[in-house]
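Here is how the chains run, residue by residue.
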Amino acid sequence: MPTIKKIKKIGILCSGGDSPGMNAAIRAVVRTAIYNNFQVFAIMRGYTGMIENDIVELNSRSVANIIQRGGTILKTARSKDFLTKAGRKIAYENLKKHGIDSLIILGGDGSFRGAEAFSREFDIPCIGLPGTIDKDIAGTDFTIGFDTAVNTAVQCIDKIRDTMESHDRLFIIEVMGRDAGYIALHSGIATGAENILIPEAKTNIDDVVKSLLEKEKRKKLVNLIVVAEGDDFGGALEVEKYILKKMPTAEVRVCILGHIQRGGSPTCLDRLIASRMGYHAVECLMKGPHNVFVGIMNNKMNYIPLKDAVKNKQKIDKDWLKIVKILSS
Ligand code: F6P
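Note on numbering: residues in each chain are counted from 1, in written sequence order. Totals for whole chains, interfaces and linings use all residues, but because this is a predicted model, local features are given only for residues with pLDDT of at least 70 and pairs of side-chain atoms are given and counted only at 80 or more. Side-chain descriptors were evaluated using all non-hydrogen atoms of the structure, hydrogens and water having been removed beforehand.

Let us now look at the sheet that holds strand β1 (residues 9-14). In space, the 7 strands of this open sheet follow the order β3-β2-β1-β4-β5-β10-β11, with mixed pairing throughout. In this open sheet, the two edge strands, each paired with only one partner strand, are β3 (55-58) and β11 (300-305). Adjacent strand axes in the sheet meet at a mean angle of 30°, parallel and antiparallel pairs treated alike. Only strands joined by at least two bridges in the DSSP assignment are considered to pair. Every helix listed is a DSSP run of H or I at least four residues long, and every strand listed is a run of E at least two residues long, numbered separately from the N terminus. Pairing between β1 and strand β2 (residues 39-43): 4 bridges, direction parallel. Considered in β2, the bridge of Ile 10 is made with Val 40. Helix α3 (residues 85-98) contacts β1, β2, β3 and β4 (102-107) of the sheet and is inclined by roughly 40° relative to β3. Note on geometry: axes are C-alpha line fits, over the in-contact stretch for helices, and angles between N-to-C directions span 0 to 180 degrees. Contact between two residues is taken to exist if any of their heavy atoms lie within 4.5 Å; hydrogens are not considered.

Below is the structure:
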């Protein structure tokens, strides 16, 4: 059994895009750490704040009344300087000034990549918490923020469907997800979309047009296409352009949901997983394993080495793609 490095002072930061539920995770980390007699420090604005020494100590009250709030009280950023060894060295010197000997990082795979390099270079134990609306990290059934984002998308699409039905229109709705199609897949299924276009499955746009033409013949003019922003064919505007080229008289409208999906009060599920993961992140620092991120698989905690989180991407189960096809016929 490798010996676990003893820690006393934990730094916590958010990095990359924010996601609803991050505050619930911060609260869980701070309160679990204080319960176990550790000191906790907020590193503001992600790795940028580490390099600029924007670091303040937190207490139990600092995280009062935040479990229900979207965004992150720590603020977040994407730091170019932390990608360099020189930047990471400055960050390390700043941690030393505060006596911070361990880190908990809330973010996605890019943030974990930074943490993995940092822990290797400076022997600082790091624990990742998967905070991203994209759900694009292998080894966990949940990421903090996905459930809220997808529910926001569903609420928006339901509203659009009302007006779409009234006007017999074709709507193309673009959702976020970077190069992953989970938000599109889940929100598309939940709103009864006729077509769901995701990067994990090759988009055959002519098939989409063919199905629309066939529906037009049956006077089915109401059609909903949900497209992931990272789809291989392109986003909603490209899809619209192609459809109008083939069907110039079609009543088409586009809606790009955008950052509305990143905000808002986290759902109960996101608050629960954030609380559970935050608690276990501190447990990991106390008892090991170190340099992992905390996932949940089949309702059990799953600890994945940060270096592997960097490499893997989630795969979409083939069953889902079949279900979409059958239910949208
Ligand atoms: O990774 C989360 C995410 O919201 C992606 O879905 C999206 O592509 C990206 O971040 C948007 O980033 P930004 O807020 O920097 O525009």
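So that's the structure; there's more coming.
Whether a residue is near a molecule or strand depends on its heavy atoms: it is near if one of them lies within 4 Å of it. Looking at the ligand, the residues that line it are Arg 78, Ile 133, Asp 134, Met 176, Gly 177, Arg 178, Glu 229, His 259 and Arg 262. Contacts described as polar in this section are N or O atom pairs within 3.5 Å, which, within protein, must combine one atom able to donate a hydrogen with one able to accept it, while residues neighboring in sequence count only if both atoms come from side chains. A distance of 2.6 Å is found between an oxygen atom of the ligand and a side-chain nitrogen or oxygen belonging to Asp 134. Each accessible area value is a Shrake-Rupley result obtained with a 1.4 Å probe; residue values ignore everything except the protein chains displayed when judging cover. Burial of the ligand by the protein chains amounts to 75% of its free accessible area of 400 Å². Taken together, the residues of the shell around the ligand break down into 2 nonpolar, 2 polar and 5 charged. All the domain ranges listed were derived from an automatic or database domain assignment. In this structure, the shell around the ligand is formed jointly by two domains, domain 1 (9-145 + 266-309) and domain 2 (146-262), each of which donates at least three residues. Each residue gets one label: Ala, Val, Leu, Ile, Met, Phe, Trp, Tyr, Cys and Pro are nonpolar, Asp, Glu, Lys and Arg are charged, and the others, such as Gly, are polar.

Of note, the amide linkage connecting Gly 288 to Pro 289 takes the cis form, showing an omega dihedral of 0°. Relative to the helices and strands, Pro 289 resides in the loop between α9 (268-287) and β10 (292-297). Residue Lys 135 is not a glycine yet carries a positive backbone phi of 55°. Examined against the element boundaries, Lys 135 turns out to sit in the loop between β5 (126-130) and α5 (146-167).

What follows deals with the nonpolar core. Among the nonpolar cores identified, the biggest contains 35 residues, and Ile 12, Ile 104, Leu 106 and Leu 129 are the most heavily contacted of them. Breaking this core down by element, the ones donating at least two residues are β1, α1 (22-35), β2, β4, β5, α9 and β10. What Ile 104 contacts, discounting residues up to four positions off in sequence, is Ile 10, Gly 11, Ile 12, Leu 13, Val 29, Ile 127, Leu 129, Ala 281, Val 282 and Leu 285. Throughout, nonpolar core names a set of buried Ala, Val, Leu, Ile, Met, Phe, Trp, Tyr and Cys residues whose side chains join them through atoms within 4.5 Å. Throughout, exposure labels follow a simple rule: accessible area from a 1.4 Å probe, protein chains only, divided by the maximum for the residue type, with under 20% read as buried, over 50% as exposed, and the rest as partly exposed. Of all hydrophobic cores here, the second largest spans 27 residues; its members include Leu 224, Val 226, Ala 228 and Val 324.

Structurally, the position occupied by Leu 321 is in helix α11 (residues 318-327). With a relative accessible area of 29%, Leu 321 lands in the partly exposed category. Setting aside chain neighbours within four positions, we find Leu 321 in contact with Leu 185, Ile 198, Ala 201 and Ile 316.

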